[in-house]
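# Chain and residue survey
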Amino acid sequence: MSPQNEATPMTTASDLKPIPWKLHLSVLAVAIAFPFVFPSSFMVNFGVLALFYAFIGQSWNISGGFAGQLSFGHVAFFGVGAYASTIAQMRLGVSPWLGLPIAALAGALVGGVIAVLSFRAGLKGSYFALITLAFAEVLRIISNSIGITGGGLGLLIPMNIGAQNLQFAERSGFYFLILVLAAGSVALAEWLRRSRFGAQLAAIRENEDSAKALGINVFAEKVKVMLISGAIGGLGGCFFAQYFLYIDPLIAFGTDKSIEMLLVAMIGGAGTVYGPLVGSVLLALVSDVTRTLTQIQGLSLVLYGALLVVIIAFLPNGLIDLFSRRRGGKPGSRK
């Protein structure tokens, strides 16, 4: 089977079925109440990480799930956003709040460059996935070699507690910031399900040749979705840098982040609105449990891989498909 014809998620008639607003509001209400119901630092940190994984997972989901442009190097957007915002703050004295749009622009720029170069060359399927991985590795090597990034030592952001510095005395401040970002990404995914642009992406995902025959400018639409995906990844990098106050080339461009982005979307349900959120909660649970119960390095990734194999074998449309069946929906319904 040629790379351009590799299997991608199938579209069903229920793809266009709107998600009830009551469900959106219920999910939002639960998310808002979480740090008040579970105010401990441990639980709020769990919530922050779950929403963070959901947010960066949505970055992969928008290009990989909705448009079928599978990537192994989405961490390129994450790392560029982390470094762009941190360098602007530490070297140029820019407000960390302004680092958020800077990170989004940097991620979008890298996404656009990768998209134009790859799609102009006609790269699809596994070839595109590998070229994104190569770009991420090149960026890691560059960041490890130049002075402005701190080289292999990385950049340590000085602690200066204050909301104006994007540093909160309580973890709940970070929780609500990432909640806003995650909610925005869910709203974007829901818009894609309903919009003409989203319908064009679905057509491209299923069969590019047929999409071209329908008059869709495949190249332009794929570049657009990579710009959006890159911007979300860049924002995730900025948030990560401010939350942990440190980045280095391995953290910013490590393949583990790309794996996590892909896993939360695939396990939860690629091409769905809430798939990354569902997958991220499971990923955060596995991560916390393995870190608490054992010190074996890499065990969490082994468990992620095992979960992915189980999901692909029994729930190829992700955990969202299981919830849809319980609610009486058709298998394969994208929520």
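Now for a quick tour of the structure. If you're wondering where the values come from, they're calculated on a predicted model, not measured in any experiment.

A separate point is the overall build of the protein. Per the secondary structure count, the protein includes 14 helices and two strands. Residues counted as buried form 52% of the 335 residues belonging to the protein. Residue pairs in contact within the protein that sit at least 24 positions apart in sequence constitute 77% of those at least 6 positions apart. Counting only carbon and sulfur atoms, one obtains 70% of the accessible surface of the protein, whose full area is about 15,200 Å².

This brings us to the packing of helix H3 (residues 75–92) against helix H9 (residues 218–244). The N-to-C vectors of H3 and H9 enclose an angle of 55°; their axes lie 6 Å apart at closest approach. Our classification of the angle between H3 and H9 gives oblique. Relative to H9, H3 is oriented so that their crossing is right-handed. Here Phe77, Phe78, Gly81, Ala82, Ser85, Thr86 and Gln89 of H3 come into contact with H9, specifically with Met226, Ser229, Gly230, Gly233, Gly234, Gly236, Gly237, Cys238, Phe240, Ala241 and Gln242.

Between its first and last C-alpha, H9 extends 39 Å over 27 residues, near the 39 Å set by a 1.5 Å rise per residue. Most of H9 is tucked away: 21 of the 27 residues are buried. Two residues or fewer past H9, Leu245 is found with a positive phi of approximately 60°.

With that settled, consider helix H1 (residues 21–37). Between the first and last C-alpha of H1 there are 24 Å, a value that for 17 residues agrees with the 24 Å anticipated at 1.5 Å per step. Listed in full, the buried residues belonging to H1 are His24, Ala31, Phe34 and Pro35. Looking at the buried positions of H1, the neighbouring elements they touch are helix H2 (41–65) and helix H6 (171–194).

Taken together, Val138, Ile142, Ile146 and Ile148 make up a surface patch of nonpolar side chains, about 310 Å² in accessible area. Examined against the element boundaries, Ile142 turns out to sit in helix H5 (residues 125–143).

The rules behind each value
- Residues numbered from 1 in each chain as written.
- Predicted model: local features only at pLDDT ≥ 70, side-chain atom pairs only at ≥ 80, totals over all residues.
- Heavy atoms only, no water.
- Helix = DSSP H or I, 4+ residues; strand = E, 2+ residues; numbered from the N terminus.
- Buried < 20%, exposed > 50% of the residue type's maximum accessible area, 1.4 Å probe, protein only.
- Contact = heavy atoms within 4.5 Å.
- Areas by Shrake-Rupley, 256 points an atom, 1.4 Å probe, with all protein chains shown as cover.
- Axes fitted to C-alpha atoms, helices over the stretch in contact; angles between N-to-C directions.
- Parallel < 35°, antiparallel > 145°, perpendicular 65-115°, else oblique.
- Left-handed = near helix turned anticlockwise from the far one by under 90°.
- Expected span 1.5 Å × (residues − 1).
- Patch = residues over 30% accessible without salt bridge, like charges linked within 9 Å, V, L, I, M, F, W, Y side chains within 5 Å.
- Salt bridge = Lys/Arg side-chain N within 4 Å of Asp/Glu carboxyl O.

Read these as geometric descriptors, not functional statements.
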